[in-house]
Amino acid sequence: MKDYSFFSYDVHEALHLSEKEREVVLDCFKNIKLELEQAIDKHSKSLIVNNIELFLNYCMRFYDRQFITRDHVNQGVIGKFENLVDDYLKSENPKNIGFPMVNYFAEKLNLSANYFGDLIKKELGISPQEFIHNKLIDVAKEQILDERKSISEISYDLGFRYPQHFTRLFKTKVGVSPSEYKSLN
């Protein structure tokens, strides 16, 4: 069931079905109902399970299609997400609230975290957390060039509790530590 992330989507993130897709879903239900009404035999359980799995797989297909066909809606969400991340990182929120989390942005966009994550992954090819990390590293690169700020200060300003966590992320993303980056520039 964990493969079907749409179970944790909010009600307003419902699946939009075409008429043909609706027929496919209803056929799945009809087959399940038929099996439930039959006399039980050695095939009943596997046929019911297989029909339920078929239904779930069609739902996955239709959700994936929906992310593609509703591209105009998705682009608006991505633009808003980018603006929210930029605004968050420019504010005092990282210091006061902490490191920016996916749930925070999903909530601001009135989306469930799973739907939001699936949408961003399908549209950008990276997870929302990776997007946030990339934005955070861009801001960090600018701040590192400011001679008045220490690496620890920058780390705390960006919402990290421990400078070593910032250093680890920075090195993973950039290939060098923040100190090395500072000395190279």
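Computed from a predicted structure; not experimentally measured. (Residues numbered from 1 in each chain as written. Predicted model: local features only at pLDDT ≥ 70, side-chain atom pairs only at ≥ 80, totals over all residues. Heavy atoms only, no water.)

K.L.:
Which parts of the structure should I look at to understand helix α1 (residues 19-37)?
P.N.:
Since one α-helical turn is 3.6 residues long, residues separated by three or four positions face the same way. Helix length check: α1, at 19 residues, gives a terminal C-alpha distance of 27 Å against a target of 27 Å (1.5 Å per residue), a fit within 8%. Those residues of α1 lying buried are Glu21, Val25, Cys28, Ile32 and Glu35. For α1, the buried positions fall inside an angular range of 85° around the axis, keeping them on one side. Relative to its buried face, α1 has exposed residues pointing more than 90 degrees away, namely Glu19, Lys20, Lys30, Lys33 and Glu37. (Helix = DSSP H or I, 4+ residues; strand = E, 2+ residues; numbered from the N terminus. Expected span 1.5 Å × (residues − 1). Buried < 20%, exposed > 50% of the residue type's maximum accessible area, 1.4 Å probe, protein only. Arc of directions from axis to C-beta.)

K.L.:
What is the right way to look at the pattern of salt bridges in this model?
P.N.:
Side-chain pairing between opposite charges can occur once the charged atoms of the two side chains come close. All told, the structure shown has nine salt bridges when counted by the stated rule. In this structure, Glu37 engages Lys33 in a salt bridge whose closest nitrogen and oxygen atoms are separated by 3.6 Å. Of this pair, Glu37 and Lys33 both sit in helix α1, four residues apart, which is roughly one turn of the helix. The exposure class of Lys33 is exposed, given its relative accessible area of 51%. With its nearest N and O atoms 2.9 Å apart, the salt bridge here joins Glu82 to Lys135. With Glu82 in helix α3 (residues 71-90) and Lys135 in helix α7 (residues 128-144), this residue pair connects regions lying 53 residues apart in the sequence. Overall, Lys135 belongs to the buried group, its relative accessible area being 14%. A network of salt bridges, in which partner residues are shared, links Glu92, Lys95, Lys149 and Asp157. (Salt bridge = Lys/Arg side-chain N within 4 Å of Asp/Glu carboxyl O.)

K.L.:
How should the nonpolar core be read in this particular structure?
P.N.:
Considering soluble globular proteins, one finds that nonpolar side chains tend to be buried as a cluster. The biggest cluster of nonpolar side chains holds 40 residues, and the ones touching the most others in it are Phe81, Phe116 and Phe166. Every element with two or more residues in this core is listed here: α1, α2 (44-69), α3, α5 (102-108), α6 (113-124), α7, α8 (151-157) and α9 (163-174). In this structure, Phe166 is in contact with Ala140, Ile144, Ile151, Ile154, Ser155, Leu158, Phe160 and Pro178, ignoring residues within four places of it in sequence. (Core = buried A, V, L, I, M, F, W, Y, C linked by side-chain atoms within 4.5 Å. Contact = heavy atoms within 4.5 Å.)

K.L.:
Help me out: how do you make sense of the state of the cysteines in this one?
P.N.:
In a disulfide, the sulfur atoms of two cysteines are covalently bonded to one another. For the coordinates displayed, the defined rule picks out zero disulfides. Note on Cys28: no disulfide assigned, nearest cysteine sulfur contributed by Cys59 at a separation of 8.0 Å. (Disulfide = S-S within 2.5 Å.)

K.L.:
Teacher, can you tell me more about the environment of Glu123 here?
P.N.:
Looking at the secondary structure, you find Glu123 in helix α6. By relative accessible area, Glu123 is classed as partly exposed at 21%. Between the C-alpha atom of Glu123 and that of Asp86, which follows or precedes it by 37 residues, the distance is 19 Å.

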